[in-house]
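# Descriptive analysis of the structure
Each chain is listed here by its residues.
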Amino acid sequence: MPEQPPPEMVTISLDGQEIEVPQGEYIIKAAEDQGTYIPRFCYHSRMKPVGLCRMCLVEVETPRGRILTTACNTPVAPEMIVDTESAVVQKAQEGILEFLLINHPLDCPVCDKGGECPLQDQTVAYGPGESRFVEEKRHFEKPIPLSDIVLMDRERCILCARCTRFSEEVSGDPLIEFVGRGNQTHVITFPDEPFASYFSGNTVQICPVGALTAKPYRFKARPWDLEAIESVSMVDASGASISIETSQNEVVRINGVDNDATNHGWLSDKDRFVFQAIHSENRLATPLIRDDAGDLQPASWGDALDRVADALGSVRGDEVASIGGANNTNEEAFALGKFLRTVVVTPHIDAQVGDALNPEFLAGVTPRAEIGDLDGAATILVWAGDLKEEFPTLFLRVRHAVTQMGAKLIVVHPRRTGLDNIAAEKITYRPGEGPEVVRKLTAQGDQDYGAVRDLLTAGPVIALVGLTGRAEDPRLAEAVAAYALGLPGSKVLPLARRANVFGALDMGLAPTLLPGRVPVKSESGRAELESHWGPLPGEAGLDTAGIIAGLAAGDLKALLLVGADPVRDGRNPDAVRAALDAAEFVVSLDMFLNDSNQQASVILPVDGFAETEGTVTNIEGRVQKVNRILPGPGQSRALWSILDELSSRMGGQLGAGDGPAIAKEIALVAPAYRSMTWDRLEWGPERDGVVMPDRDGVQELRFVPDDSGLRPTAGRLALHSGRVLYDGGTRNTQSPALAGLTPDPAVYLHPRDASALALADGQEVDVAGEFGTVRLRLELDPSLAEGSAYVPANLDSTWVLGVPDVVTVEAQSSKGKKNEKKKGKKKGAGE
Amino acid sequence: MTSFPMILTERMTAHPADSHLLDRYEATGGYETLRQALLSMKPEEIVEQVKAANIQGRGGAAFPAGIKWGFLAPIEPRYLVINGDESEPGTFKDRQLLERDPHQLIEGVVLTSFAIGANHAFIYIRGEYPKPARRVQQAVEAAYAKGYLGQNILGSGFDLDVMVHLGGGAYICGEETALLNSLEGLRGEPRLKPPFPAVEGLYAKPTIVNNVETISNIPWIVANGGDAYAAIGDVDSVGTRLFSLSGHVKKPGNVEVPMGLTWRELIYDIGGGIRDDNELKAWVPGGASAPWFVAEHLDTKVTKDDCAKAGSMLGSGAVIVMDETTNVVAAAHRIVKFFSHESCGQCTPCREGTTWLERILWRLLNRAGRPSDIDLLLDVCDGISPGLAWPPRMTTICPLGPSAVSPITSIMTHFREEVESMIPGLQEVASA
Amino acid sequence: MSVATVISDWSAPNQERARTLLEAYPERRSAAMPLLYLASLEHGHLTPAAMAQVAELTGLTSAQVQSVASFYTMYKRDHVGRYLISVCTSISCFLMGADDVLEAIEEETGTPDGTTSSDGTFSVEHVECIGACGGAPAVQVNYELVEGVAPERGATLCRWLRESSPEVVVTDEMQKYFGGVRSFDWGITETVGAIAPVPAFGPYGSTGEESA
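What counts, and at which threshold
- Residues numbered from 1 in each chain as written.
- Chains lettered and ligands numbered in written order.
- Predicted model: local features only at pLDDT ≥ 70, side-chain atom pairs only at ≥ 80, totals over all residues.
- Heavy atoms only, no water.
- Domains from an automatic or database assignment.
- Buried area = accessible area lost by both parts, 1.4 Å probe.
- Salt bridge = Lys/Arg side-chain N within 4 Å of Asp/Glu carboxyl O.
- Polar contact = N/O pair within 3.5 Å; in protein donor to acceptor, adjacent residues only side chain to side chain.
- Helix = DSSP H or I, 4+ residues; strand = E, 2+ residues; numbered from the N terminus.
- Axes fitted to C-alpha atoms, helices over the stretch in contact; angles between N-to-C directions.
- Left-handed = near helix turned anticlockwise from the far one by under 90°.
- Contact = heavy atoms within 4.5 Å.
- Nonpolar A, V, L, I, M, F, W, Y, C, P; charged D, E, K, R; others polar.
- Patch = residues over 30% accessible without salt bridge, like charges linked within 9 Å, V, L, I, M, F, W, Y side chains within 5 Å.
- Areas by Shrake-Rupley, 256 points an atom, 1.4 Å probe, with all protein chains shown as cover.
- Pairing = 2+ DSSP bridges.
- Buried < 20%, exposed > 50% of the residue type's maximum accessible area, 1.4 Å probe, protein only.
- Arc of directions from axis to C-beta.
- Phe/Tyr/Trp six-rings, centres within 6.5 Å; stacked < 30°, edge-to-face > 60°.
- Lys NZ or Arg CZ within 6 Å of the ring centre and 35° of its normal.
- Core = buried A, V, L, I, M, F, W, Y, C linked by side-chain atoms within 4.5 Å.

Moving on: the domain arrangement of chain C. Residues and elements named next belong to chain C. Assigned domains of chain C: these are domain 1 (3-71) and domain 2 (83-209). Computed over C-alpha atoms only, the centres of domain 1 and domain 2 are separated by 27 Å. Counting the surface domain 1 buries against domain 2, the share from its top three residues, R17, Y37 and L41, is 72%. Inspection of the region where domain 1 meets domain 2 yields 0 salt bridges. Our count for the contact surface shared by domain 1 and domain 2 stands at 2 residue pairs in polar contact (both at pLDDT 80 or more). Elements represented by at least two residues in the side of domain 1 that touches domain 2 include exactly α2 (12-24) and α3 (32-43). Counting residues per element, the side of domain 1 that touches domain 2 draws most heavily on α3, which supplies 5 residues.

Two quantities define a packed helix pair, namely the angle between the axes and the distance from one axis to the other. Look at helix α2 (residues 87-102) of chain A against helix α16 (residues 348-365) of chain B: their axes get within 9 Å of each other, and the N-to-C directions meet at 65 degrees. You can see that α2(A) and α16(B) cross each other, and the crossing is left-handed. Contacts between α2(A) and α16(B) involve A:I96, A:E98, A:F99, A:L100 and A:I102 from the former and B:T348, B:P349, B:R351, B:E352, B:G353 and B:W356 from the latter. Counted by class, the contact of α2(A) with α16(B) contains 6 nonpolar, 2 polar and 3 charged residues.

For the rest of this paragraph, the subject is a nonpolar patch on the surface. Side chains of B:F63, B:I67 and B:F71 sit close together on the surface and give an oily, nonpolar patch of about 290 Å² of accessible area. By secondary structure assignment, the location of B:I67 is in helix α5 (residues 65-70).

This next bit is on the packing of helix α17 (residues 373-384) of chain B against helix α18 (residues 400-414) of chain B. All names here are of chain B. The contact between α17 and α18 brings their axes to 9 Å, and the two run at 150 degrees. Here the hand of the crossing between α17 and α18 comes out left-handed. Contacts between α17 and α18 involve I374, L377, L378, C381 and I384 from the former and G401, P402, V405, I408 and M412 from the latter. For the contact of α17 with α18, the class distribution of residues is 9 nonpolar, 1 polar and no charged.

The next point concerns the sheet that holds strand β30 (residues 690-691) of chain A. Residue and element names in this part refer to chain A. Here 3 strands make up an open sheet; going across it, the order is β28-β29-β30 and the pairing antiparallel. Because the sheet does not close on itself, it has two edges, and the strands there are β28 (614-617) and β30. Both β28 and strand β29 (residues 622-626) contribute to a ladder of 4 bridges, which runs antiparallel. Bridged to T617 within β29 is V623. Contacts between helix α8 (residues 330-344) and the sheet are confined to β28 and β29, with β28 contributing the most and set at about 90 degrees to the helix.

Residue and element names in this part refer to chain A. Ordered by their spatial adjacency, 5 strands build an open sheet running β2-β1-β5-β3-β4, and the pairing between neighbours is mixed. Each edge of the open sheet is held by one strand with a lone partner, namely β2 (17-22) and β4 (65-70). Sheet twist, expressed as the mean angle between neighbouring strand axes with direction ignored, is 35 degrees. With 2 bridges connecting them, strand β3 (residues 57-62) and strand β5 (residues 81-83) associate as antiparallel partners. Along β5, the bridge assignment pairs E59 with D83. Sitting on the sheet, α2 touches β3, β4 and β5, and the angle it makes with β3 is about 150 degrees.

Moving on, we get to unusual backbone geometry. A cis amide bond links A:G459 with the next residue in sequence, A:P460, at an omega value of -5 degrees. Summarising the element assignment, A:P460 is placed in the loop between α13 (450-455) and β21 (461-465). Cis geometry marks the peptide bond from C:A136 to C:P137, where omega comes out at -5 degrees. Relative to the helices and strands, C:P137 resides in the loop between β3 (122-127) and β4 (139-141). At B:Y31, a residue that is not glycine, the phi angle is positive and equals roughly 70 degrees. The residue B:D277 is not glycine, and still its phi comes out positive at about 55 degrees. One can find B:D277 in the loop between α13 (263-270) and β7 (280-284). Overall, B:D277 belongs to the exposed group, its relative accessible area being 61%.

Turning to helix α3 (residues 32-40) of chain B, a few remarks are in order. Residue and element names in this part refer to chain B. Within the span of α3, buried status applies to T33, L34, A37 and L38. Projection of α3 onto a plane perpendicular to its axis shows the buried side chains occupying an angular sector of 120 degrees, all on one side. Exposed and oriented more than 90 degrees from the buried face of α3 are Q36, L39 and S40.

The next subject is the packing of aromatic side chains. If you walk through the whole model with that rule in mind, you get 31 aromatic pairs over all chains. Their ring planes at 70 degrees and their centres at 5.1 Å tell us that C:F71 and C:Y72 sit as a pair that is edge-to-face. C:Y72 matches C:F71 in its accessibility class, with the two residues each being buried. Among the aromatic residues, ring-to-ring pairing joins C:Y37, C:F71, C:Y72, C:Y75, C:F201 and C:Y204 into one connected group. The side chain of A:R181 reaches across the aromatic face of C:F71, ending 5.8 Å from its centre. Here A:R253 stacks its cationic end above the ring of A:Y217, 4.3 Å away from the centre of that ring.

Another point: the nonpolar core. Ranked by size, the top nonpolar core spans 361 residues in total, and within it A:L464 and B:W292 carry the most contacts. Of all the elements, helix α15 (residues 328-342) of chain B adds the most residues to this core, at 9 residues.

All right, on to the interface of chain B and chain C then. By a widespread convention, an interface's size corresponds to the accessible area lost as its parts come together. Contact with chain B, which involves 67 residues of that partner, is made by 56 residues of chain C. Summed over the three residues of chain B that lose the most area to chain C, namely B:R95, B:R134 and B:R334, the buried surface amounts to 15% of that side. The salt bridge partner of C:D99 is B:R334, with a shortest N-O separation of 2.6 Å. Where chain B meets chain C, there are 28 residue pairs in polar contact (both at pLDDT 80 or more). The biggest single contributor to the side of chain B that touches chain C is α15(B), with 8 residues.

The subject of this paragraph is the pattern of salt bridges. Taken as a whole and assessed by the stated rule, the structure comprises 94 salt bridges over all chains. A salt bridge links A:R475 to A:D473; the nearest nitrogen and oxygen atoms lie 2.8 Å apart. Measuring nitrogen to oxygen at the nearest pair gives 3.4 Å for the salt bridge that ties B:R370 to B:D373. Its relative accessible area of 30% is what places B:R370 among the partly exposed residues. Within the structure, one salt-bridge network assembled from shared partners comprises A:E59, A:E61, A:R66, A:D83 and B:R393.

Shown next as structure tokens:
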């Protein structure tokens, strides 16, 4: 955890007991930490107290006598005398509950909240025996949809304002609000403006009654039937803590868990509802082998593994390459790396696909920030993708730091982002001109960006650095980091979005890295690993681009795809497809069929999220435990077990018989992870995760970024290929709650560019780049840097465009012809 | 009654036709105090005079204005907000001050702003007062034109902008923190206190919120000195005060009287007595929130302390008189209905409790009450205002909920038999 | 979006007023309530479109604007008649017979409390205290006050409104013909009044006078 001075302690009397509590803490929290639970509905520890429900009334002695006051917003003071159980308090609590119940329907038996309902529980504990209210209750239309996901039953609502406060205070998209006044007050959206928030599910989780419900869970289960296990969200690499809940071997719900280090209990709706993909009917449940007619046929594991072992055994080790592994656990990634380096014996290993940043930068930049450092930052620099789209829970943490903790925010991006409305300064630049922005920020006496530079003189500065878009030169992030590290008290939080990409890199799934943040080129580091694994190649391997080129050229013969879809994620989809066609053998280990593995020779079904146990590592380098609560579908198996058996068939010895064994080996051979054990993460104070390296751990790699060798500015309409949360990725499309939320594909131009091209808002246009053409609707976007075109990545059709540097946008015309012409000008090989 | 200066209403009494116009104001000595104060007094001297005057706020809470000013946090900018959201049933005194002597208020605003170091003042007037708002707006424009407002007022170097803002129809905005929320474009929900407005008020900046009548007194206090003001009236409640008489009184209207008369003098001598010379049944001494008084209180003095000792308050200065023909359950129901309608809805006890009380009283009124309703009424009241004491304890953020309790405890204290006689079951027991 | 774009359908003086209001407050959000009156005037009542415009102008979400508007009784989100008759039925007016006044007005206009007449002439509502207790019972027409209104005078007032259909409702004029006891001496007679069921206040464009 980031260093914080210990709070000053004061002594108060709580129900006659003298206790020591931090000065200024609210009574409700101070009491709870000492084991005295004061009932409450509106209070939520992650939001400002509002004192609405009045359930937490306590008596406090003052010079003017005992007063009734709400414990949620009254800070403790030295010598304070607090009574939480007096007759007056008990009478008040009974009164509040009776008041709340007069308009609350008694439909607990059919209410989703029944059994885990704070109102129900507290009524039993503190309430009156029966209601004396004999009149008709307040009526509202029964549950009405607030959005595609969330429904509202206003009769059950007790107006605690947790949901509305969350929307305004935490997520910053107040689309639900109190309407009316007094006894007629209710919570609702504006007509025709649904509660289309990326964070709407949080309101369901924190609703203290059954007023807000989420479609995926409605009537699915009763709380007493649920089995739950804590884990980590695998939607992005921020490491949000979650609880996975199942009923009859089916995941029915995911709730956020309050991890002080990461998500504060909040989740995006993608984190929350993506579990539906687990139970998709399209999950691979049996091994598939391509038959002589070219069709995929179900096969036994024995046959499938024989086929793979034969194929990999029939070529030289360094003719085999592997792409993927960033969505697996550390243990799986480690097993994969060890399999590739010691059984297959190849260095061509890359967990990143398409939008890769330098693995040495991601794994080794120092000083590296923790998420919690944001709260103490004077200035936060976000030069990365739109966090709201790519790192939604991290987005909330930045919002928290800025709106609650007083940090000043600077956002640098080619167009508007979700953070702009709270940013003190925003720099909008044309993709390709990032180096120029860095230069201007760095140069002494430069007139531009004066306000930004002034803000950056105030430290500590925390810089969140990643790719703003897929077309951007990955080395720009290193230049930005180099600049940021020169700022006062600065630390860098490197951003790459795949769920466990940092774990994969730390486990050596990179052409330049060995397990434990050891560069391949480090003689001593390699020697250390060789003492365990035997001789290893001393040269760095090929990255994904190199592997695609190598396959196309015939230098590489066989490919493993581990949860990877390089056709969709690659710069040049056609070239990737051609490379896959050129490969003699492709084996895919995946949960679904995708655009890349459709043509594979063998497809092996693997267990995924909620089906595997292990650890993952987030953007901070924080290692947390993920857990298994149900088996994979059909015959699917854990990746490490597949690899272990494959090794045997190939005459090797992986020693990856089970997860704990792999974890022990990681601690043994990966220097940065030396002190890591599963036990540490499962019990006690380290359940929030441990940032590596710690204790005995060491990090050999100290990456010093520089700003040299950047690609020059691109041509006229520079492509901005930014990610959106609900893109056409498999997990979204296979989760019914999310599938419908994918935005319509479009190309966005600045109005001046559109008018220069004589194009109008809403018009169908052809967007063409060197790798392909796509027909899209044009939308005007004044927030976009002039001279650029924004095409959201990986939507229905947009992925066909690939990731060219520049595009042309024209009124729809002879599409086919143009494509040919562009293809003719293709530069270089493949990727 | 000893002689006393007419501080607030002299001009409008002497010049009923045009007391609101700038010419008349200047011709009767208006803005002279401002001129002299800006050129010869220091801000803290004005604060001292107001402290010495010991004037209690005239909005309802009766907090000494000078002391309130002294709480201002040393942070800039600071704001002055005039509470013209007069909505307490029975109260219409500020309406007269706004309509008939707006310059007196504006001069008070400039003096107060100068004293507290505010360069921006807002006059928040309830939306149902368009004519008073127009009069004040007209006066503000005239004052700007003559250099009493704006930049470098009267060559003093002091700047002040004043804006008139209309409410949207919500009694609760008379509560000062609700008013600030409303002025910020929010729902008029009272804020948790602390922090008080003097520390975190409008836009979270130090803010003084004072009632129209309070500030209308400031020019006189600055001109004549705080001690002169404190010499008027009674020991603990000083100065003159504008009372709004309404209901079954012969001469309804606003009257300016020195503090310290008896209720008998106020209702019978000044109010002319009860209509048709009926018997007095009860009166509400300080706006609908106040517990009622009955004949036995007629010789109680009209001061803050005397009323508090007798279990009520002077509140907003609204005296609502009820004669012998009044059905006290109907009257109490009407008042509770008001508070139920005006509850902002934030706090559970107020939102649910005031509505419940209204429904029980409605039942009683319609002869559908049950014997247990008497206890139920009092117990629901207890859930809003534990112990039913005076001054009230509260389970709520603001006093609106406990205000709804006042008429019920009043009829239960003074007219219990009459209430019981409306309940069929109890009626039979009584008559048996 | 620029102010001009958002409210291009408003009258030029009201666009100007909106701009003035947006600049007048230290924070833009404070202009929300005044703008809700302006928008009500422009749209006849506070329609969703009107609230959405205020949201654009003030930087709030439409849901926030709706939340604010619905808190206050004077922002009418449903269709409202040309003449909004507000009858005070709070304690002082109640004591002086307000319920009879309401009944007489309901009868004369054929418009029950809380509704709007089918021809759109009247909306009738009972309201809480309007600060005219010394002149009870009191009535407002488009928020312009008449004090001392006996039931039959209230009915006559409504008949007059229907028959003479005044463009501007003037408080002094109504008081002279239909009022009785007043809370205090009103002084000189004025001719300014309300042109719609929105409080008549110059900066909010609701008095019918040209902007200064």
